[in-house]
Amino acid sequence: MNARIDLAQLKQRIACIPALRPESRAPGAVLSTGTTAIDTCLREAAVPLGAVHEVAGHAGDEEQGSAGACFLALSLRSNASGWIAWITQDADLYAPGLAAFGLDLRRLILVSARRDAEVCWALEEALRSRSLSAVVGEVGVLTMNASRRLQLAAEQAGIPCFLLRRWRTHDMARQQRPQPIAAATRWRISPQLHSRMPDQKPATPPELGPAQWRLDLWRCRNAGAASWIMEFDHADGQRVTAVPVPVAAALADRSISAASAAEPEAERAAAALFRFG
Amino acid sequence: MAVQVGNRLEIGAANPAARALGLKPGVAVADARAWVPQVIVLPLDPEADAADLERLADWATRFSPLVAIDGTDGLMLDIAGCAHLWGSEARMLADLDRHMRRFGLHYRAAIADTIGAAWGGAHYSTGTRQVMPSGQQKAALADLPPAALRLPEELCAQLQRLGLKRVADLCALPRAALARRFGAVLMNRLDQALGGQDETMSPLLPPPQCYVRMDFAEPVAQRAGIDRALHLLLKRLTEALRPHDSGPRKLDLSCYRVDGETQRLTIGTARASLDAAHLFRLFEEKLDQLRPEDGFEAMRLSGLEMERLTTQQHDLEAGGAIRHDLAPLIDRLTNRLGEAAVHRVETRESHIPERAVRRLPPLAESPRLHWPKASQRPIRLLPHPEPIEAVAPIPDDPPVRFRWRHVLHKVRAAEGPERIAPEWWLPGDQDAEIRDYYRVEDSEGRRFWLYRAGLYQTTAAPRWYMHGMFG
C-alpha cells in the first residue's frame with residue numbers, strides 16, 4: 001500500500017469537512033495567552049477559543065502540574081471575563097498562589113471530583129450550562145471519545161476547555177502523554193532553569209529570579225510546533241513576556257512514536273543549544 | 001419466639017394461636033414444650049424486630065408524613081388532614097388492613113382524637129380495628145383496663161388491688177382524690193387520653209412544608225411511567241407554590257413499593273427554585289437508583305426548607321454575568337458530586353498558609369480577599385506537609401539537597417527564611433512550632449516551598465517538610 005497516496009487522499013477528505021475549514025470558522029474568538037509573541041502565532045493559526053486546549057507538565061512536574069497551573073492562571077486572565085470553573089481531583093490548588101498570577105478569585109468556582117470520569121462529566125456539564133466563560137479540568141487518563149465530547153461541547157459553547165493533565169506516575173505519563181486526543185492545541189510546559197544564574201558554585205545558593213517556563217506548542221491545528229521561554233515577574237504582577245525558541249522548529253515534525261521515545265533527549269538537546277539572555 | 005432470661009429459656013413473644021393455648025410470654029420453653037409438643041420455638045431477635053419496625057415506619061409515611069415509633073412494637077401516625085385522601089378514616093384503615101394482610105402481619109389499630117385514646121384502643125380494645133368517633137373518647141375507653149391509659153406497671157397493679165378495673169371506674173372518682181392518692185402521672189395520662197391535655201409526638205422525619213402525592217391504580221415499574229409521574233408531581237408542586245412566591249431548597253421523593261418497601265431520593269438546590277424542568281433534571285440523575293421490582297403503588301413529593309424566591313441578581317463584579325444563571329449548574333454538580341464538592345474561596349488575614357484560605361458556598365456573596373501580597377505563595381499547597389530528608393550545612397541556611405517522595409533534588413537557588421509563627425492565641429495552636437519557610441529551586445528548575453519546623457537546636461536534627469510547589 002502506498003502511504004503517500006493515502007495521505008493525500010486523507011488530506012483531501014479532511015479538506016471537505018466543513019468544521020475544519022479555516023474560512024468557515026467564526027472569526028473573532030481566538031485563544032490568547034496575554035503575551036504578544038505567542039498571541040501573534042495563535043492569531044495567525046486562528047486557534048479557536050471554543051475548543052479543548054491541553055496543557056501537560058514535563059520533567060518531574062507531571063504529577064503536580066504546577067507549571068501548567070501557573071500557565072493556566074495567566075491565560076485565564078485574557079481568555080475569561082466571567083465565571084471560571086476549575087475542576088480538580090486533589091485538593092492542592094492554592095488560591096493565594098493563583099491570585100498572584102492576576103486571576104480574580106471572586107470569579108472562580110472550585111469543584112472537586114473523585115475520578116477522571118467525574119472530571120470529564122463535570123467539564124461537560126459546565127460547558128453546556130452556558131453560564132461560564134472558561135472551564136479547567138485536572139485529568140489523568142483521557143480517552144479519545146471523552147476528549148471528542150468535550151471538544152464538541154466547547155465548540156458549541158464557544159468557551160475554552162483547558163485540560164490540565166496530571167499523571168500519578170512517570171510510567172503513566174510516558175504512556176498517556178503521546179496518546180492522541182481531540183484538542184485544538186496541546187501545550188507542554190516545564191520549569192526553565194534560570195538563565196541569568198552563574199554556573200560556578202557560590203558559598204550560599206543565589207536568589208531566585210522571576211519564574212521562567214519553557215512552553216512548547218506541541219500540536220496545533222493550523223500551525224506547526226513552536227516553543228517559547230515564558231517569564232513572569234511576581235514583583236511586577238502584570239508583566240508576562242515570552243521569547244520564541246528557534247531550535248524547536250527542527251523538532252517540530254516528529255512522529256508521535258519517535259517523540260515519545262526521544263522526548264527527554266530532544267528536550268535536553270534543545271535546552272543545551274539554547275542560551276537565553 | 002424464645003428469649004434467654006438468666007439461665008432459662010422463656011417465651012418472649014407468641015402468636016394468637018399459641019396465646020389461645022396459654023403459651024404467654026414469661027412461660028418457660030420447657031413447660032411450653034410439655035403442654036404443646038408441636039410448638040415451634042424460634043429465637044427472638046430484638047434488633048431485627050426493631051429494624052423491621054423502622055422499615056414499617058418508613059412505609060407508613062404513605063399515609064401521613066408524620067410517623068413516630070412507639071416503644072418496641074408500635075407506630076404512631078398523625079393523620080390530621082390526610083384521611084380525606086382515602087375518603088374517610090374507616091377507608092384509610094381498610095387500606096391499611098389490606099396491606100397488613102398482604103405483608104402477613106398481625107396488628108391492631110385505632111384512630112382517635114388523642115394519642116392516648118388511640119394507643120389504648122389499639123392495645124386493649126376487643127376488635128383489631130377501631131375508629132373512635134370524634135369527642136367520644138370517654139365512652140370508647142370506658143370498658144378498657146386502666147393499663148390502656150399508658151400507666152406504669154406498679155400503678156396498674158395498685159389500681160387492680162383496689163378494684164378499679166376499668167377506666168370508667170377511675171372517671172367516676174373525684175379528680176382531687178385521684179390526684180392525691182395516685183399522683184400526677186395518672187391525671188396526666190387520663191387527661192391526655194380524654195383530650196383535656198395536649199400531647200405532641202416526635203416524628204421520625206421532619207414534617208415537609210408542602211407535599212403532593214399520587215396513587216397508581218396499577219403498580220408502576222417502567223422508567224417511562226416513573227418519569228411521567230415525577231413530571232406531574234413536580235408540575236403540581238410548583239404550581240401550588242407559585243402564588244406563595246416561595247420554593248423548596250430540598251425535595252424528597254418517596255416511592256412506595258408494592259411489597260411495602262419505601263425508596264427515597266433527595267435533591268438539593270443552591271437557590272429556591274420552581275423550575276419544574278430543572279428540578280426534573282436533578283432527579284433524573286438519581287432515578288436509576290430506584291429499584292421498582294414489582295412496581296410502585298404510590299409516590300410522594302415533599303418540599304423541604306422553603307425559601308422566598310429571589311429575582312435574578314446582576315453581579316457586576318463578575319463582568320456583568322448573572323450569578324443566578326449559575327444555580328442550575330451548581331445544583332447539577334452538587335447533586336452528583338456532593339454538597340462539599342463545589343465551593344468558592346476567600347482569603348483571610350492569617351499567615352498560616354492552611355488558614356489563609358476559607359471555603360465559601362458557591363453562591364455566597366462576594367468573598368473578601370486578603371493575603372500577604374509581599375510574600376510569594378505557591379500555586380499548589382499539599383494538604384498535609386510531608387516530611388523530607390534535607391541536608392543543610394549551616395543552621396539558618398536553606399538545604400543544599402533534599403529527598404522528597406524518593407526523588408533527590410539538588411538545590412540550585414533559594415530564598416528565605418520567611419518565619420511564620422503559630423497563632424498561639426488560638427486554642428489548638430499552643431504547642432505548634434515556628435516554621436521557617438524557604439523557596440528553593442532544584443537543578444531541573446522546579447521551585448518548592450519547604451520549611452524547617454521549630455527553632456534550630458544543637459541536640460536534635462532539624463525536621464524539614466515539603467509544603468508546596470511554585471510553577
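An account of the accompanying structure is given in this report. (Residues numbered from 1 in each chain as written. Chains lettered and ligands numbered in written order. Predicted model: local features only at pLDDT ≥ 70, side-chain atom pairs only at ≥ 80, totals over all residues.)

### Regarding the overall build of chain B
Move 1: Check the secondary structure of chain B and you find 13 helices and 18 strands.
Move 2: Across the 471 residues that make up chain B, the buried fraction comes to 29%.
Move 3: A separation threshold of at least 6 residues defines the contact pool for chain B, and within that pool the share at least 24 residues apart is 51%. (Helix = DSSP H or I, 4+ residues; strand = E, 2+ residues; numbered from the N terminus. Buried ≥ 20, exposed ≤ 12 C-beta atoms within 10 Å, placed from the backbone. Contact = placed C-beta atoms within 7 Å.)

### Here's the deal with the overall build of chain A
Move 1: Helix and strand content of chain A: eight helices and nine strands.
Move 2: Counting all 277 residues of chain A, 47% fall into the buried class.
Move 3: Taking contacts inside chain A between residues at least 6 apart in sequence as the whole, the part at least 24 apart equals 70%.

### Observations concerning the interface of chain B and chain A
Move 1: The partner chain A presents 49 residues to the 49 residues of chain B that form the contact.
Move 2: Counting only elements with at least two residues in the side of chain B that touches chain A, the list comes to helix H13 (326–337), strand E11 (342–347), strand E13 (380–391), strand E15 (407–420), strand E16 (435–442) and strand E18 (463–469) of chain B.
Move 3: Grouping the amino acids of the side of chain B that touches chain A by side-chain chemistry returns 27 nonpolar, eight polar and 14 charged.
Move 4: Where strand E3 (residues 108–112) of chain A lies against E11 of chain B, two bridges are found, and the strand directions are antiparallel. Residue Leu 110 of chain A lies in a different strand from E11 of chain B, and its bridge partner there is His 343 of chain B. (Nonpolar A, V, L, I, M, F, W, Y, C, P; charged D, E, K, R; others polar. Pairing = 2+ DSSP bridges.)

### Focus: helix H6 (residues 144–157) of chain A
Residues and elements named next belong to chain A.
Move 1: Spanning 14 residues, H6 covers 20 Å between terminal C-alpha atoms, matching the ideal 20 Å at 1.5 Å per step.
Move 2: Those residues of H6 lying buried are Ala 146, Ser 147, Leu 150, Ala 153, Ala 154 and Ala 157. Taken around the axis of H6, the buried residues stretch over an arc of 125°, which confines them to a single face. Exposed residues pointing more than 90 degrees away from the buried face of H6 are listed as Met 144, Asn 145 and Gln 156.
Move 3: The inward-facing, buried residues of H6 abut strand E1 (52–57), helix H5 (116–128) and strand E5 (161–165).
Move 4: Just downstream of H6 lies Gly 158, where phi reads positive at about 70°. (Expected span 1.5 Å × (residues − 1). Arc of directions from axis to C-beta.)

### Focus on H5 of chain A
Residue and element names in this part refer to chain A.
Move 1: Its 13 residues place the ends of H5 18 Å apart at the C-alpha level, agreeing with the 18 Å of an ideal helix rising 1.5 Å per residue.
Move 2: Of all the 13 residues making up H5, ten are buried; the element is thus mostly covered by neighbouring parts of the structure.
Move 3: Three or more residues of H5 are buried, namely Glu 118, Val 119, Cys 120, Trp 121, Ala 122, Leu 123, Glu 124, Glu 125, Ala 126 and Leu 127.
Move 4: Remark: Arg 130 follows H5 within two positions and exhibits a positive phi of approximately 60°.

### Here we look at the packing of helix H11 (residues 223–241) of chain B against helix H12 (residues 276–284) of chain B
To characterise two packed helices, one gives the angle between the axes of the helices and the distance between these axes.
Residues and elements named next belong to chain B.
Move 1: In contact at an axis separation of 10 Å, H11 and H12 are set at 135° when each is read in the N-to-C sense. The orientation of H11 with respect to H12, classified from their angle, is oblique. For H11 against H12, the interelement crossing comes out right-handed. Listed contacts from H12 to Leu 230, His 231, Leu 234, Lys 235 and Thr 238 of H11 are Ala 276, Leu 279, Phe 280 and Phe 283.
Move 2: Grouping the constituent residues of the contact of H11 with H12 by class yields six nonpolar, two polar and one charged. (Axes fitted to C-alpha atoms, helices over the stretch in contact; angles between N-to-C directions. Parallel < 35°, antiparallel > 145°, perpendicular 65-115°, else oblique. Left-handed = near helix turned anticlockwise from the far one by under 90°.)

### Some words on the sheet that holds strand E8 (residues 246–257) of chain B
All names here are of chain B.
Move 1: Reading across from one edge, E7-E10-E8-E9 is the order of the four strands in this open sheet, with antiparallel pairing throughout. If you trace the sheet from one side to the other, it starts and ends with strand E7 (210–220) and strand E9 (262–268), each paired once. Here the strands of the sheet are splayed against their neighbours by 15° on average, with no regard to which way each runs.
Move 2: Note that E7 and strand E10 (residues 296–308) share seven bridges and pair antiparallel. Within E10, the residue paired with Cys 210 across the bridge is Gly 303.

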